[in-house]
Amino acid sequence: MDADLGSPRELTWLQRRRALYQPELPPCLQGTRVRVKFGDSTTSIDPKCADIVAQAFPHTFGQKLVHFLEPNTMVSDAQVIEERPPIRVGVLFSGRQSPGGHNVIWGTYDAMKAQSPHNVLLGFVGGTEGLFAKKTLEITDGVFSSYKNQGGFDLLGRTVDQIRTTEQVNAAMSTCCDLSLDGLIIIGGVTSNSDAAQLAETFVKHNCKTKVIGVPVTLSGDLKNQFVETTVGFDTVCKVDSQLISNVCLDAVSAGKYYYFVRLMGGKASHVAFECALQSHPNMVILGEEVALSKLTLMEIINKICDGVQARAAQGKYHGVLLIPEGLIESIPEMYALIQEINNLHSNNVPEDEIPSQLSPWAAALFKFLPQFIRRELVLHQESDNSAQLSQIDTEQLLAHLVEAEMNNRTKEGNYKGRKFSSVCHFFGSQARGSLPSNFDCNYAYAMMSVRRHLRGPGAVPIGRPVIHPSPIDLKAESYATPGGIQFEGPGTDTKPITLTMEGQDYLGDIEILQDYLEKLRTILKPGCSREVLKAAISSMASVNDVLKVMSAPLNAELPLYHFN
Ligand SMILES: O=P(O)(O)OC[C@H]1O[C@](O)(CO)[C@@H](O)[C@@H]1O
């Protein structure tokens, strides 16, 4: 374990300045008297799965939702969270680094100390391995002072995002019992939160008093549902990536000779690539979800890119920027099938170098067709959720390589008469992951022990529901945009307080409200209805019209998927 973890450190001027930023809390969490109201029972997102989930989590499924109330809300059955005897809580970084992770710990620490100075927060040094080995560091003002609003996970570090085997679960339980923990906070993405849900169930079953809380912290933005609108880190990563992409775009248009293939970290779903495309307006973004839905083959994707390159050459343009989500490789049907075969062989403990010889004939043929560097990356050992290591597969280089080969073919066959195609590849991952978190992520993470719905407004629900699958994009513009870097303070601060994806989600909510409204009007406005009803309807239509005018702008600006500007 790294000796530097957890030590106070020297901060630069900018880091010190950021450490002074005081995250904002929603009104319902301000002060020490927190009021809550219990709501409906939690259930599965897909009602068809409710029974299966209930069976898998008999002790924890169906608990009541808790709504945190604003100070002056009049609710008859509101309950005040009373002071309790001092509590002991453990916290660890389980998932990959994501900007804002430190603020989850800071927010928890401040909330606990506000309740009682005798409450104790223990950090596990070295993530899951630290948890199993009981390596703790008590969080104090002194320990935390140089980590407030800072990037990275280096206060405590992390190891593998896995608390799953019987041995691991038992080790976690014995740590929690030995340290007499009332709570265990697991910070991470889909894998860590799935394990957290399972651990919570096991602890209840074994009468272990420790309550397990999973906190959605992942740059991928793929742990979402009606309660969790976004994950901690997504905002920062999209802003930093968008700035890098816009720099590349300006470089491309200035020199006019390269196609940039930019792969973006973000896991299996394409949320990061989609949001970055909305912010930076590249020439093309290929969404994995769309490829999977349309069942596009690798060569169909290559041909679409080449058609675009050729069309641009006809306009005298020999440059462009393409965004590629790292999960794209798994969304291409034939690549998915090949990766599944490789994963199965891994699960049967076949060594990496023997995998190629054990593939089925069709998979072996596809494998052989792929360039050597991709073959090597595809057989690498798996992630902790038994899937391929997406960050290690250079999909952008594979696409650039195949596009170049196809453009050369078209030239040879006389179908393309433009200049030779040239590409430059990039993978943006840790460049953004290690950034100082944006104000949004600082605030969101600090308030994270309750997840806020309508992130620009009040209201909160607790988290801890089992979330297993990464949430994909719901598939329902040469004007490169330069969003610039994250502005922490001054006139430019928070010109983009939330990501465009989340703004879009807000519109979807508004559309539903409008649709509801129109449906009601339709039922009221029948021949023979009174004059008053008609007058009221006409005057309310005027405001609907205004709303529609405002809304039509973003609605029309839908991003074409395979569109070359
Ligand atoms: O840096 P590492 O350990 O290769 O992890 C990379 C993976 O972690 C994530 O950032 C989060 O799961 C993925 O997007 C990415 O594939």
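Residues numbered from 1 in each chain as written. Predicted model: local features only at pLDDT ≥ 70, side-chain atom pairs only at ≥ 80, totals over all residues. Heavy atoms only, no water.

Focus: the site of the ligand
Right, on to step 1. If you check the shell around the ligand, you find Arg-96, Leu-219, Ser-220, Met-265, Gly-266, Gly-267, Glu-326, Ser-391 and Arg-433 and nothing else.
Right, on to step 2. One of the backbone nitrogen or oxygen atoms of Gly-266 is found 3.2 Å away from an oxygen atom of the ligand.
Right, on to step 3. Taking Arg-433, its side chain carries an N or O atom lying 2.8 Å from an oxygen atom of the ligand.
Right, on to step 4. Look at the ligand: alone it shows 400 Å² of surface, and the protein chains cover 78% of it.
Right, on to step 5. Looking at the shell around the ligand, its residues break down into two nonpolar, four polar and three charged. (Near = heavy atom within 4 Å. Polar contact = N/O pair within 3.5 Å; in protein donor to acceptor, adjacent residues only side chain to side chain. Areas by Shrake-Rupley, 256 points an atom, 1.4 Å probe, with all protein chains shown as cover. Nonpolar A, V, L, I, M, F, W, Y, C, P; charged D, E, K, R; others polar.)

Details of the pairing of strand 8 (residues 211-216)
Right, on to step 1. Where strand 7 (residues 183-188) and strand 8 come together, six bridges link them in parallel fashion. Paired with Ile-185 across the bridge in strand 8 is Ile-213.
Right, on to step 2. The β-α-β motif built from strand 7, the intervening helix 7 (residues 190-205) and the parallel element strand 8 has right-handed crossover chirality. (Pairing = 2+ DSSP bridges. Helix = DSSP H or I, 4+ residues; strand = E, 2+ residues; numbered from the N terminus. Right-handed = clockwise from strand over helix to strand, strands pointing away.)

Brief notes about the confidence of the model for the protein
Right, on to step 1. Looking at the protein, pLDDT values average 87 and 87% of them are 70 or higher.
Right, on to step 2. Note that residues 450-468 has pLDDT below 50 and, in this model, 66 contacts with residues that lie over four places away or in other chains.
Right, on to step 3. A low-confidence stretch, residues 547-565 (pLDDT under 50), is modelled with 41 contacts involving residues beyond four sequence positions or located in other chains.
Right, on to step 4. For this predicted complex, the interface confidence comes out at an ipTM of 0.96, alongside a pTM of 0.85. (pLDDT = per-residue confidence, 0-100. Contact = heavy atoms within 4.5 Å.)

Let's talk about the packing of helix 11 (residues 298-314) against helix 16 (residues 395-412)
Right, on to step 1. Axis separation between helix 11 and helix 16 bottoms out at 9 Å; the angle between their running directions is 60°. For the pair helix 11 and helix 16, the crossing hand works out as right-handed. Contacts from Leu-298, Ile-302, Asn-303, Ile-305, Cys-306, Asp-307, Val-309 and Gln-310 of helix 11 reach helix 16 at Leu-398, Leu-399, Leu-402, Val-403, Glu-406, Met-407 and Arg-410.
Right, on to step 2. Broken down by class, the residue content of the contact of helix 11 with helix 16 amounts to 10 nonpolar, two polar and three charged. (Axes fitted to C-alpha atoms, helices over the stretch in contact; angles between N-to-C directions. Left-handed = near helix turned anticlockwise from the far one by under 90°.)

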